[in-house]
Amino acid sequence: MISKCGYIGQLEIQPLISNSGNVLKLENFPGGSETFETILKFCYGLPIDFSPDNIAALRCASEFLEMTEELEDGNLISKSEAFLTFVVLSSWKDTITVLKSCENLSPWAENLQIVRRCCDSIAWKASKDELTSEDAATNQESWWFNDVAAFRIDHFMRIISAIRAKGTKPETIGKCIIQYAKRWLPGMEVELEGLRGYGHEKCNLQFSIFSGKKKESSGHSKEQKTIIESLISIIPPQQDAVSCKFMLQMLKMAMMYSVSPALTTDLEKRVSLVLEDAEVSDLLIPRYQNGDQGKTVM
């Protein structure tokens, strides 16, 4: 390992081993013990298999260990980089797999531009398909929307930003955002339930609403709030990018999770521009105060 790993070679191995009971600790090692075991095999000249599942971890770990060409021709940095560039990024499925694996490799995957390259590759393939499809928004929804919707919110936003930069139609981006919201915001499409009656004397609508809102852990609630705020911020500005129904659903979620007032206000303004497209049921938005459901506003 000393001959192939600059990081190991710089350590004073013998004192470390003597003082820690034959244990050499590598703090925050990318990929963990499984990746380290694979690198050990490489260092001892044993064959290793590169795959979309392990290549990001091996690329990050080889950088951590400084496995450069200066130490040996064909060292792990160059080999893993070549596989990533020429094999993985040419395949949609492999790129999706690698980007998913990067969720556990921060900050190494970011610093080595693995995340950026994967997002750019996904965006290029998605936008290329749009240019060759007569009805791009409909055709794409059947294949790449689900894949992109599987990522955590920060990587999803990176992909959307890259797709937008490629000139993808706003309605296509809007459909992708809707797909993501359906997957990660399960309460978005829950209908308000309960007794509904009409006040004949004062001509007022009266509602007795049943709250289906469940108590959630603070961690989950924070995650949901982050997703809601992020999605609102990346909705294309074009009026027909998303439906009035979807914006009202997002407004309901924004009120439930007390998102940024600026984002909520912006969403309300956008809704007001397309309010003629709304249905009565869409307009029932519960107002939450101190964690409890209050009156329903219209």
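Refer to the structure presented above.
These remarks concern the structure in this document. If you're wondering where the values come from, they're calculated on a predicted model, not measured in any experiment.

## Observations regarding the packing of helix H4 (residues 55-64) against helix H5 (residues 76-86)
Consideration 1: Packing of H4 against H5 brings their axes to within 9 Å, and their N-to-C directions diverge by 150°. Regarding the angle of H4 to H5, the classification is roughly antiparallel. The element H4 and its partner H5 pack so that their crossing is left-handed. Within the contact between the two elements, H4 uses Ile 55, Leu 58, Arg 59, Ser 62 and Glu 63 and H5 uses Leu 76, Ile 77, Ser 80, Glu 81, Phe 83 and Leu 84.
Consideration 2: Its residues assigned to classes, the contact of H4 with H5 shows 6 nonpolar, 2 polar and 3 charged.

## Section: the pattern of salt bridges
Consideration 1: All told, the structure shown has 8 salt bridges when counted by the stated rule.
Consideration 2: Residue Glu 72 pairs with Lys 4 through a salt bridge whose shortest N-O separation is 3.4 Å. Note that Glu 72 is positioned in the loop between H4 and H5 and Lys 4 in the segment before helix H1 (6-10), a separation of 68 residues in sequence.
Consideration 3: The class of Lys 4 is buried, set by a relative accessible area of 10%.
Consideration 4: A salt bridge links Arg 117 to Glu 81; the shortest N-O distance between them is 2.5 Å. Taken as a pair, Arg 117 in helix H8 (residues 114-132) and Glu 81 in helix H5 lie far apart in primary sequence, 36 residues in all.
Consideration 5: The exposure class of Arg 117 is buried, given its relative accessible area of 16%.
Consideration 6: What makes Glu 81 partly exposed here is its relative accessible area of 22%.
Consideration 7: In this structure, a network of salt bridges that share partners links the residues Arg 59, Glu 63, Glu 81 and Arg 117.

Cut-offs and rules
Residues numbered from 1 in each chain as written. Predicted model: local features only at pLDDT ≥ 70, side-chain atom pairs only at ≥ 80, totals over all residues. Heavy atoms only, no water. Axes fitted to C-alpha atoms, helices over the stretch in contact; angles between N-to-C directions. Helix = DSSP H or I, 4+ residues; strand = E, 2+ residues; numbered from the N terminus. Parallel < 35°, antiparallel > 145°, perpendicular 65-115°, else oblique. Left-handed = near helix turned anticlockwise from the far one by under 90°. Contact = heavy atoms within 4.5 Å. Nonpolar A, V, L, I, M, F, W, Y, C, P; charged D, E, K, R; others polar. Salt bridge = Lys/Arg side-chain N within 4 Å of Asp/Glu carboxyl O. Buried < 20%, exposed > 50% of the residue type's maximum accessible area, 1.4 Å probe, protein only.

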